[in-house]
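Listed here are the chains, written in short residue letters.
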Amino acid sequence: MPTYGRLPVSFVKGSGAWLEDEAGERYLDALSGIAVCGLGHSHPAVTAAICEQAGTLLHTSNLYGIPQQQKLADRLCELSGMENVFFSNSGAEANEAAIKLARLYGHNKGIDNPSIIVVKSSFHGRTLATLSATGNRKVQAGFEPLVSGFIRAPYNDLSALEEIATHSKEVVAIMVEPVQGEGGVQIPDSGYLSGIRTLCDQQGWLMILDEIQTGIGRTGQWFGFQHEALQPDVMTLAKGLGNGLPIGACLAQEEAATLFQPGMHGSTFGGNPLVTRTALAVLDTIEKEGLVKRAAELGERIQQGLSTALKENPQLCEIRNHGLMVGIELKHPCASLVADALKQKLLINVTAERVVRLLPPLILSNDEADQIVSQVSQLIERWSEEQPS
Ligand SMILES: *Cc1c(COP(=O)(O)O)cnc(C)c1O
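Residues numbered from 1 in each chain as written. Predicted model: local features only at pLDDT ≥ 70, side-chain atom pairs only at ≥ 80, totals over all residues. Heavy atoms only, no water.

## Observations regarding the overall build of the protein
Within the protein, the regular secondary structure consists of twelve helices and 15 strands. Relative to a compact globule of 389 residues, whose C-alpha radius of gyration would be 21 Å, the protein shows 21 Å and is just as compact. If you line up the protein on its principal axes, its C-alpha atoms span 60 × 55 × 40 Å. Buried residues in the protein amount to 55% of all 389 residues. Nonlocal contacts in the protein, meaning residues at least 24 apart in sequence, comprise 71% of its contacts between residues at least 6 apart. Of the roughly 17,000 Å² of accessible surface on the protein, 51% is carried by carbon and sulfur atoms. Between the mean site of the 30 positive side-chain charges and the mean site of the 43 negative ones, the protein shows a separation of 3 Å. (Helix = DSSP H or I, 4+ residues; strand = E, 2+ residues; numbered from the N terminus. Rg over C-alpha atoms; globule rule 2.2 N^0.38 Å. Buried < 20%, exposed > 50% of the residue type's maximum accessible area, 1.4 Å probe, protein only. Contact = heavy atoms within 4.5 Å. Areas by Shrake-Rupley, 256 points an atom, 1.4 Å probe, with all protein chains shown as cover. Lys, Arg positive; Asp, Glu negative; His and termini not counted. Charge placed at Lys NZ, Arg CZ, Asp CG, Glu CD.)

## Considerations on the packing of helix 2 (residues 44-54) against helix 9 (residues 273-288)
The N-to-C vectors of helix 2 and helix 9 enclose an angle of 155°; their axes lie 9 Å apart at closest approach. In terms of orientation, helix 2 lies roughly antiparallel with respect to helix 9. The handedness of the crossing between helix 2 and helix 9 comes out as right-handed. Residues Ala 45, Val 46, Ala 49, Ile 50, Glu 52, Gln 53 and Ala 54 of helix 2 pack against Pro 273, Leu 274, Arg 277, Thr 278, Ala 281, Val 282 and Thr 285 of helix 9. (Axes fitted to C-alpha atoms, helices over the stretch in contact; angles between N-to-C directions. Parallel < 35°, antiparallel > 145°, perpendicular 65-115°, else oblique. Left-handed = near helix turned anticlockwise from the far one by under 90°.)

## Considering the pattern of salt bridges
According to the stated counting rule, one finds 15 salt bridges in the structure shown. Here Glu 182 makes a salt bridge to Arg 357, at a shortest N to O gap of 2.8 Å. Placement of the pair is Glu 182 in the loop between strand 7 (171-176) and helix 8 (192-203) and Arg 357 in strand 15 (residues 355-358), with a sequence separation of 175 residues. Judged by its relative accessible area of 1%, Arg 357 falls in the buried class. Across the salt bridge formed by Asp 370 and Arg 301, the nearest N and O atoms sit 2.8 Å from each other. Of this pair, Asp 370 sits in helix 12 (residues 366-385) while Arg 301 sits in helix 10 (residues 291-309), placing them 69 residues apart in sequence. For Asp 370, a relative accessible area of 31% gives the class partly exposed. With relative accessibility at 34%, the residue Arg 301 sits in the partly exposed group. The network of salt bridges with shared partners includes Arg 75, Glu 78, Asp 284 and Glu 287. (Salt bridge = Lys/Arg side-chain N within 4 Å of Asp/Glu carboxyl O.)

## Quick notes on the environment of Glu 163
Relative to the elements of secondary structure, Glu 163 occurs in helix 7 (residues 158-167). Given the relative accessible area of 46%, Glu 163 is considered partly exposed. Sequence spacing of Glu 163 and Leu 104 is 59 residues, and the spatial spacing of their C-alpha atoms is 24 Å.

## Quick look at the packing of aromatic side chains
Enumeration according to the criterion identifies three aromatic pairs in this entry. With a centroid separation of 5.4 Å and an interplanar angle of 80°, the aromatic rings of Tyr 155 and Tyr 192 are classed as edge-to-face. Of this pair, Tyr 155 sits in the loop between strand 6 (150-153) and helix 7 while Tyr 192 sits in helix 8, placing them 37 residues apart in sequence. Both residues of the pair, Tyr 155 and Tyr 192, belong to the buried class. Geometrically, the ring pair formed by Phe 223 and Phe 225 is stacked, given 6.2 Å between the ring centres and 10° between the ring planes. Its end group placed over the ring of Trp 18, Arg 26 keeps NZ or CZ at 4.6 Å from the ring centre. (Phe/Tyr/Trp six-rings, centres within 6.5 Å; stacked < 30°, edge-to-face > 60°. Lys NZ or Arg CZ within 6 Å of the ring centre and 35° of its normal.)

## Here's the deal with the nonpolar core
Counting 77 residues, the largest nonpolar core has Leu 76, Leu 306, Ile 328, Leu 337, Val 356 and Leu 358 as its most contacted members. By residue number, the principal contributor to this core is helix 12, which donates seven residues. Grouped together as the second largest cluster of nonpolar side chains are 25 residues, Leu 104, Ala 129, Phe 150 and Met 175 included. (Core = buried A, V, L, I, M, F, W, Y, C linked by side-chain atoms within 4.5 Å.)

Written out as structure tokens, the structure reads:
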């Protein structure tokens with residue numbers, strides 16, 4: 001179905017930060033399949049894990065024990081400080097699990113119509129509940145009636161949340177992204193997440209973090225929340241976890257960790273031996289190659305390079321980065337830059353109409369990072385000349 005306006009290119013293979021099209025032309029990948037391929041393309045450790053597991057056992061069922069799934073859950077909990085994990089096949093499904101947990105938590109407290117606070121310009125997925133939670137009308141339009149039970153607040157605004165707390169008795173949770181990805185690489189003030197933690201503790205609400213884009217090293221910590229001293233009650237992951245194999249996860253601690261009882265939630269494919277073995281290899285490789293720290297260094301390098309190159313550019317509003325989530329906000333809609341970049345054999349993205357978004361793989365070399373800086377800044381310079389002032 002025509003769900004995507006696709007670019008006129010098809011890739012047939014890839015290696016590291018490079019993709020090759022049908023004609024054998026090479027492209028530098030500054031998007032990683034939207035924050036998925038953190039280890040780049042054809043990483044030997046990922047390939048080996050997939051091949052070995054494919055030759056051993058692909059799938060049994062969650063009706064039986066799955067040792068690879070248990071190992072991955074243990075490892076994720078060790079890295080994140082969470083206690084239990086539910087495995088899904090995508091980000092939206094991980095968020096569905098989180099939303100169901102929040103509702104169950106409310107019903108267990110005797111709240112008949114539990115509500116979850118969500119924020120403006122958020123993105124949580126395309127299923128009915130997650131598009132209802134999403135703060136973007138374009139994602140919702142045409143799919144009404146929306147799922148009820150969400151209250152909308154502005155992002156990066158603690159007092160708006162405190163205000164809701166004073167009059168709403170039905171709130172059971174807050175769900176936010178530590179950095180809004182689709183929303184335009186929006187980075188909240190430091191203290192925002194800790195403020196949410198404090199409010200959730202005072203009110204008895206669950207703090208749910210959607211780390212589907214920010215997680216797995218991308219921001220320069222394993223998880224976005226680890227830049228502040230706090231622990232969420234629920235966290236969702238997907239994108240970078242499988243480096244391209246479809247896997248999502250909903251992690252929980254304390255009361256939220258044991259709300260689901262047998263029969264309350266499930267997935268046929270979720271957490272099968274192939275995807276969980278591969279995700280374990282992804283985590284091991286990120287650790288062994290020191291890529292979490294590297295993401296912070298590379299992000300800094302790209303941010304500084306772009307700031308220097310675009311210093312005098314009249315179209316520039318702001319360059320934002322949190323590790324390797326980089327957003328260049330311009331004064332005018334700039335979607336055409338994606339096709340301009342493609343002609344230069346560079347893969348980038350534009351989101352929220354005016355924000356060039358870069359999500360390169362964590363295995364980038366300094367030279368590749370510098371090449372991205374140079375190409376992107378030249379593209380923006382050329383584009384700027386055609387803009388009204
Ligand atoms: C991509 C994304 C999702 C949806 O994940 P899918 O795997 O596409 O369902 C949800 N939340 C955030 C923050 C995302 O970036």
